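Overview (structure and organization)
In case you want the letters, here they are:
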Amino acid sequence: MIIFDKIDHLLSRSIVEACTAAGLECVNAARNGGVQAELEKLQGPGALVIGPPSFCEATALKSKLYGSDDSLALAQAIEAEVRYFLETCRSATQAMMRHGGGQLLSLGIDDVASKIVGLPQSPIVNQMRSSCIKSLAKEYGRLKISYNSVLCHPSKESVDSKLWRSQRDALKVYTMRFTPSTVQEYAEFCRQLLTSNPPLNGGQICLGKGVMETAA
Amino acid sequence: MSTQEHAKGTVLITGATRGIGRSITLRYAQEGWNLALVYRSNQATADSVAIELDKLGASYVMIKADLINPAACKHVVEQTLEEFQALDVLINNAGSTFDGAFASMKTTDYESLISCNLIAPLLLTTAAAPELIKSAEAGRGGSVVMMSSMAGITGKEGQVPYSTTKGGLIGQTRLLARELGEKGVRVNAIAPGFIRTEMVEILEPKMYQHVLAASATPRMGEPSEVADTAWFLGSSNSTYLNGTVHRIDGGFLR
């Protein structure tokens with residue numbers, strides 16, 4: 001069984017479709033009493049997919065720095081994301097330890113490409129998740145639990161086609177004649193990752209055309 | 001507190017009285033900067049640093065503050081301005097850790113870690129940003145240094161919450177660099193590896209020999225070696241560095 005913490009993002013929904021088409025059972029925990037409740041129902045090694053963050057850190061930071069916003073909205077949102085991710089990972093780890101293994105996959109959207117095409121950017125949460133995943137893999141890989149994160153460029157469907165064309169020059173930082181990948185391509189890759197048991201643990205896999213190395 | 005009329009700039013350092021922070025404090029003092037030094041609770045270490053600074057004839061102010069409290073971050077910036085009328089460099093050095101088996105931890109075990117390692121630097125940097133922008137516009141500087149960790153890059157077993165927050169700090173460095181870079185303020189991070197501080201001196205060698213063996217320079221780093229980079233990143237010698245992460249790890253091979 002593959003548990004999704006929520007499927008409000010196009011990427012998560014597409015992975016559900018790809019997995020369901022392959023005959024896999026998928027559950028949306030957000031509609032069924034939460035991740036913890038679904039983890040309790042596992043009968044053997046299962047998988048948990050944590051969807052991409054949707055909060056735009058860049059917008060909140062601008063508002064904090066240059067607007068009249070004197071609130072703690074940005075700090076509180078980051079704190080809530082970190083706490084949620086750690087708690088969800090801990091619950092999943094505990095359940096998977098009981099069942100002799102499992103997989104945890106964290107999804108994210110590349111924040112530089114998102115900035116270019118005007119989508120929400122979450123560099124703090126993306127990097128926080130990646131570091132957490134690497135640490136968990138080092139600590140619990142020996143118990144046959146695998147932890148990986150996938151960071152995708154924005155998909156073709158996530159932005160209007162005119163906008164992709166208008167940003168052609170900016171996207172040259174990735175590759176000449178940048179063509180965005182479809183969400184189905186990303187979803188299919190994730191389905192294979194979840195079902196093929198690859199020799200990979202603690203990986204941060206970047207998907208997209210002309211992916212660049214980031215700071216860490 | 002002594003005074004120095006011709007300071008090269010004003011630096012605000014958190015966690016300034018112990019370990020790496022103490023070395024950074026002394027490095028900037030030797031370079032003739034005004035120092036706003038934040039410590040949380042240990043009066044003895046603060047007094048000890050003060051004695052060293054007095055010997056150097058440094059210009060400094062000690063600020064006791066718990067940066068987990070958002071109001072304290074604003075207060076620290078205000079006190080710095082009251083004392084020195086400017087702020088050119090901010091070094092977010094303060095941090096804490098809680099180690100152990102992650103699956104056995106409770107949320108309350110690492111709540112303060114999130115606040116201290118990730119949220120406080122964000123609050124302090126946004127509070128200091130207007131002054132840092134003024135500094136950049138005046139051609140004096142405008143630089144932020146985040147103290148991350150190798151654990152934030154490579155991950156570390158037994159340190160899941162710590163490495164998570166230190167990884168988030170690297171993301172925060174990129175976000176702030178992008179935003180403040182347009183205003184001339186640079187934001188960079190340091191990721192120290194195995195550095196000789198109080199935290200590691202209590203460990204038995206067998207607990208870290210494998211780490212040293214996996215390094216191209218098989219010895220512990222010294223706090224002063226991290227301080228050199230912190231000074232470089234705050235100085236006018238690094239004006240085209242922005243959004244970078246500097247590994248001070250002797251060439252850790254992983």
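Basis of the calculations
Residues numbered from 1 in each chain as written. Chains lettered and ligands numbered in written order. Predicted model: local features only at pLDDT ≥ 70, side-chain atom pairs only at ≥ 80, totals over all residues. Heavy atoms only, no water. Helix = DSSP H or I, 4+ residues; strand = E, 2+ residues; numbered from the N terminus. Rg over C-alpha atoms; globule rule 2.2 N^0.38 Å. Buried < 20%, exposed > 50% of the residue type's maximum accessible area, 1.4 Å probe, protein only. Contact = heavy atoms within 4.5 Å. Areas by Shrake-Rupley, 256 points an atom, 1.4 Å probe, with all protein chains shown as cover. Lys, Arg positive; Asp, Glu negative; His and termini not counted. Charge placed at Lys NZ, Arg CZ, Asp CG, Glu CD. Axes fitted to C-alpha atoms, helices over the stretch in contact; angles between N-to-C directions. Parallel < 35°, antiparallel > 145°, perpendicular 65-115°, else oblique. Left-handed = near helix turned anticlockwise from the far one by under 90°. Nonpolar A, V, L, I, M, F, W, Y, C, P; charged D, E, K, R; others polar.

On to the overall build of chain B, then. Across its full length, chain B holds nine helices and seven strands. Compactness check: chain B gives a C-alpha radius of gyration of 17 Å against a globular reference of 18 Å for 254 residues, within 12% of the reference. Here chain B holds 254 residues, and the buried ones make up 57% of them. For chain B, restricting intrachain contacts to residue pairs at least 6 apart in sequence, the fraction spanning at least 24 positions comes to 73%. Element-wise, carbon and sulfur atoms account for 52% of the exposed surface of chain B, whose accessible area totals about 10100 Å². For chain B, the centre of its 22 positive side-chain charges and the centre of its 25 negative side-chain charges are spaced 5 Å apart.

Here we come to the packing of helix H4 (residues 73-98) of chain A against helix H6 (residues 123-140) of chain A. Residues and elements named next belong to chain A. One way to put it is that H4 packs onto H6 with a least axis distance of 11 Å and a crossing angle of 25°. Considering their axes alone, H4 and H6 lie roughly parallel with respect to each other. Crossing geometry of H4 relative to H6 is assigned as right-handed. Note on element contacts: H6 touches H4 through Ile 124, Val 125, Met 128, Arg 129, Cys 132, Ile 133, Leu 136 and Tyr 140, opposite Ile 78, Glu 81, Val 82, Phe 85, Leu 86, Cys 89, Thr 93 and Met 97. Here the residues of the contact of H4 with H6 sort into 13 nonpolar, one polar and two charged.

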